[in-house]
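Architecture and fold: a report
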Protein chains: 2
Amino acid sequence: MKPELNIFKIGGGIIDHELDLQGFLRQFSVISGPKILVHGGGKGASEMLTRLGIAPRMVDGRRITDAVTLDLVTMFYAGKTNKQIVAYLQSKGVNALGLSGADGNIIKAVKRPVREVDYGFVGDLSEKSVDAELLHQFLQLQLTPVLCPINHDGHGQLLNTNADTIAASVAKALSKKYAVKLHFCFEKRGVLADVADGDSVIAKITLADYVVLKESGIIADGMLPKLENAFDALQFGVEKVIIEHALQINGDVKTTLCLT
Amino acid sequence: MKPELNIFKIGGGIIDHELDLQGFLRQFSVISGPKILVHGGGKGASEMLTRLGIAPRMVDGRRITDAVTLDLVTMFYAGKTNKQIVAYLQSKGVNALGLSGADGNIIKAVKRPVREVDYGFVGDLSEKSVDAELLHQFLQLQLTPVLCPINHDGHGQLLNTNADTIAASVAKALSKKYAVKLHFCFEKRGVLADVADGDSVIAKITLADYVVLKESGIIADGMLPKLENAFDALQFGVEKVIIEHALQINGDVKTTLCLT
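Chain A is annotated in an unreviewed UniProt entry as Acetylglutamate kinase of Hymenobacter antarcticus. Per UniProt, chain A carries the Subcellular location (unreviewed entry) text "Cytoplasm". Per UniProt, chain A carries the Pathway (unreviewed entry) text "Amino-acid biosynthesis; L-arginine biosynthesis; N(2)-acetyl-L-ornithine from L-glutamate: step 2/4."

Shown next as structure tokens:
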């Protein structure tokens, strides 16, 4: 039987609130067995751009990662946020190892091809992007990898990738060696049947349920790509995907996704 | 016989010039056998403070690492500089692993005690600061650690330490397992007998020579702490310390320091 591996992903909504972040990290620190944390960004880089008087470049409502933005997200995600998380986890007895995808060549991406829009220095991942063997070696050394969403193209260029995508890709790659539980943690207790009602958490969603919920419009907006990533991960061998509140990862109320 | 390990330290004078940095990294990439790179800062953090309209706090000509400064040096040293170096080395076939001292608890420091001056978030190192065993494990995995000068106190606080001190401490800690050659690389070809003459490189300096050169004033200013670190490292088991030009690490003209 494969050993269990828990992979947690936290996003900007938690990272931007220091006490929430520390609350999550304390709960994360007591999870037993091998584990990995993937973190997203936060508002820091955008706020710094504003303070420097640089307007973010947007196309169709989406941020373009130009060279200045890449520098700033690298500084915030791989520098400040990653190292603050690592130092806090160390203080709680977790031997955290902060990593970008460039470190140890853990994640190699391809710069998104320019079609109608040039998204800039954004990295797309493929099946071969993640070095599961080296992550396994780190886990064997009792280390807890803490991955930021910066990776590289193998030719010296850093790239920025959506953290949900990174978490799902890492989960898929490690599911050959581990029974992986992938946890998407955010500011709600799960997928809601009614966005206005925080208590309307759907306990379980199968792939068939998902198709219905999507067509009915109950699952929409930002939740769609998250669930697409989740079901993709399940189809590639991840055992379970859980969507839960970052401050209640030990609680009972959450959404579990499975294929059937 | 212990295996050879080369540890290189580069400072801000190289980091601030992209072509010089890449020139050094290309030479570093072809050094065979296990190796470690320690890098200092550069002007980026200071320039950003200026752009943000924050005056650096200085006491007796020395920068105070207050909370804002710590954030910025963490962003630049552990984020931008470290990841750019790692990505470049990856493109040259070196499996670089960027690390702060917090990562894997590689270097645990103590915040400098407040005496006449409060230097802020500056970390002092002791004999027990460096986890040589984990660095050895990384080297066994064919990884090349790239250390930035940010570390932590084990209680969740990041700290900033002089990169020469980090290089010397890492060299000392690893000298139990390896025959360590410690290279301090900068913009001159070695220790100069006449600062005005770049060709006046002293080929070899023993501890006895050093005492004479220091008393005569030939070695002064910034070179003094570098050589103090160097002889300290030699006294704690480091085999050889070399002071050389960052762009001529394969050259013949350099200063070699040894005890006798």
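And the narrative resumes.
This part is about the overall build of chain A. Along the backbone of chain A there are eight helices and 14 strands. In chain A, which comprises 260 residues, the share counted as buried stands at 57%. Long-range pairs, those at least 24 residues apart, make up 72% of the contacts in chain A between residues at least 6 apart in sequence. Summed over its atoms, the accessible surface of chain A is roughly 11,000 Å², and 50% of this surface lies on carbon and sulfur atoms. Separation of charge centres in chain A, based on 28 positive and 29 negative side chains, amounts to 4 Å.

Here the focus is the sheet that holds strand β2 (residues 35-39) of chain A. Residues and elements named next belong to chain A. Pairing is mixed across the open sheet formed by eight strands, whose spatial order is β5-β8-β2-β1-β11-β13-β14-β12. Bordering the open sheet on either side are β5 (96-99) and β12 (204-206), each of which pairs with just one other strand. The sheet shows a mean angle of 20 degrees between the axes of neighbouring strands, direction not considered. Strand direction decides the pairing type here: β12 and strand β14 (residues 255-258), joined by three bridges, are parallel. Along β14, the bridge assignment pairs Thr206 with Cys258. Sheet strands touched by helix α7 (residues 207-215): β12 and β14. Its angle to β12, the strand with the most contacts, is close to 95 degrees.

Glancing now at the interface of chain A and chain B. Chain A puts 40 residues into the contact, and the matching count from chain B is 40 residues. For the chain A and chain B pair, buried surface summed over both sides reaches about 3,000 Å², with 70% attributable to carbon and sulfur atoms. One can count four salt bridges joining chain A with chain B. A salt bridge links Lys83 of chain B to Asp103 of chain A, with the nearest nitrogen and oxygen atoms 2.9 Å apart. Applying the counting rule to chain A against chain B returns 12 residue pairs in polar contact (both at pLDDT 80 or more). When contributions to the side of chain A that touches chain B are tallied by element, the ones reaching two or more residues are α3 (44-51), α4 (67-91), β5 and α5 (132-140) of chain A. For the side of chain A that touches chain B, the element with the highest residue contribution is α4 of chain A, accounting for 16 residues. When the residues that make up the side of chain A that touches chain B are grouped by side-chain class, the tally is 19 nonpolar, 16 polar and five charged.

The pair of chain copies shares a relation made of a rotation about an axis and a shift along it. Superposing chain A onto chain B takes a rotation of 180 degrees combined with a translation of 0.0 Å along the rotation axis, leaving an RMSD of 0.0 Å. Both copies are brought into coincidence by an operation consistent with a two-fold rotation axis. Scanning chain A for the C-alpha nearest the rotation axis identifies Gly79 of chain A, at a separation of 1.8 Å. Taken as a fraction of all interface residues of chain A, those also at the interface in chain B reach 100%, which identifies the copy contact as same-surface.

For the structure shown, the criterion picks out nine aromatic pairs over all chains. Centroid distance Tyr210 of chain A to Phe231 of chain A: 4.9 Å. Interplanar angle 25 degrees. Geometry classified as stacked. Here Phe231 of chain A lies in helix α8 (residues 223-235) and Tyr210 of chain A lies in helix α7, a separation of 21 residues in the sequence. By the burial criterion, Tyr210 of chain A is buried, and Phe231 of chain A matches it. Through a chain of ring-to-ring contacts, the aromatic side chains of Phe8, Phe24 and Phe28 of chain A assemble into a single cluster. Between the NZ or CZ atom of Lys172 of chain B and the centre of the ring of Phe236 of chain B, over which it lies, the distance is 4.9 Å. One residue, Lys226 of chain B, lies across the ring of Phe186 of chain B, its end atom 5.6 Å from the ring centre.

By volume, the largest pocket is sized at about 1,200 Å³. As for the largest pocket, its lining consists of 38 residues, of which Arg62, Thr161, Asn162, Ala163 and Asp164 of chain B are closest to the centre. When contributions to the lining of the largest pocket are tallied by element, the ones reaching two or more residues are α1 (12-15), β4 (62-63), α4 (67-91), β7 (123-124), α6 (163-174), β11 (179-186) and α8 (223-235) of chain B. Among the elements that take part in the lining of the largest pocket, α8 of chain B stands out by supplying four residues, more than any other. The class makeup of the residues in the lining of the largest pocket is 12 nonpolar, 17 polar and nine charged. Considered as a void within the structure, the second largest pocket measures approximately 1,000 Å³ in volume. In terms of lining residues, the second largest pocket is bounded by 33 residues, among which Arg62, Asn160, Thr161, Asn162 and Ala163 of chain A are the most central. Counting only elements with at least two residues in the lining of the second largest pocket, the list comes to α1 (12-15), α3, β4 (62-63), α4, β7 (123-124), α6 (163-174) and α8 of chain A. Residues that form the lining of the second largest pocket fall into these classes: nine nonpolar, 15 polar and nine charged.

Conventions we followed
- Residues numbered from 1 in each chain as written.
- Chains lettered and ligands numbered in written order.
- Predicted model: local features only at pLDDT ≥ 70, side-chain atom pairs only at ≥ 80, totals over all residues.
- Heavy atoms only, no water.
- UniProt positions renumbered as here; feature names shortened; annotations may be inferred.
- Helix = DSSP H or I, 4+ residues; strand = E, 2+ residues; numbered from the N terminus.
- Buried < 20%, exposed > 50% of the residue type's maximum accessible area, 1.4 Å probe, protein only.
- Contact = heavy atoms within 4.5 Å.
- Areas by Shrake-Rupley, 256 points an atom, 1.4 Å probe, with all protein chains shown as cover.
- Lys, Arg positive; Asp, Glu negative; His and termini not counted.
- Charge placed at Lys NZ, Arg CZ, Asp CG, Glu CD.
- Pairing = 2+ DSSP bridges.
- Axes fitted to C-alpha atoms, helices over the stretch in contact; angles between N-to-C directions.
- Buried area = accessible area lost by both parts, 1.4 Å probe.
- Salt bridge = Lys/Arg side-chain N within 4 Å of Asp/Glu carboxyl O.
- Polar contact = N/O pair within 3.5 Å; in protein donor to acceptor, adjacent residues only side chain to side chain.
- Nonpolar A, V, L, I, M, F, W, Y, C, P; charged D, E, K, R; others polar.
- Least-squares fit on C-alpha atoms with pLDDT ≥ 70 in both.
- Phe/Tyr/Trp six-rings, centres within 6.5 Å; stacked < 30°, edge-to-face > 60°.
- Lys NZ or Arg CZ within 6 Å of the ring centre and 35° of its normal.
- 1 Å grid on protein atoms, 1.4 Å probe; cavity = no way out; pocket = protein on both sides within 12 Å on 5 of 7 lines; lining within 4 Å.
- Points joined across faces, edges and corners; volume = space filled by probe spheres on them.

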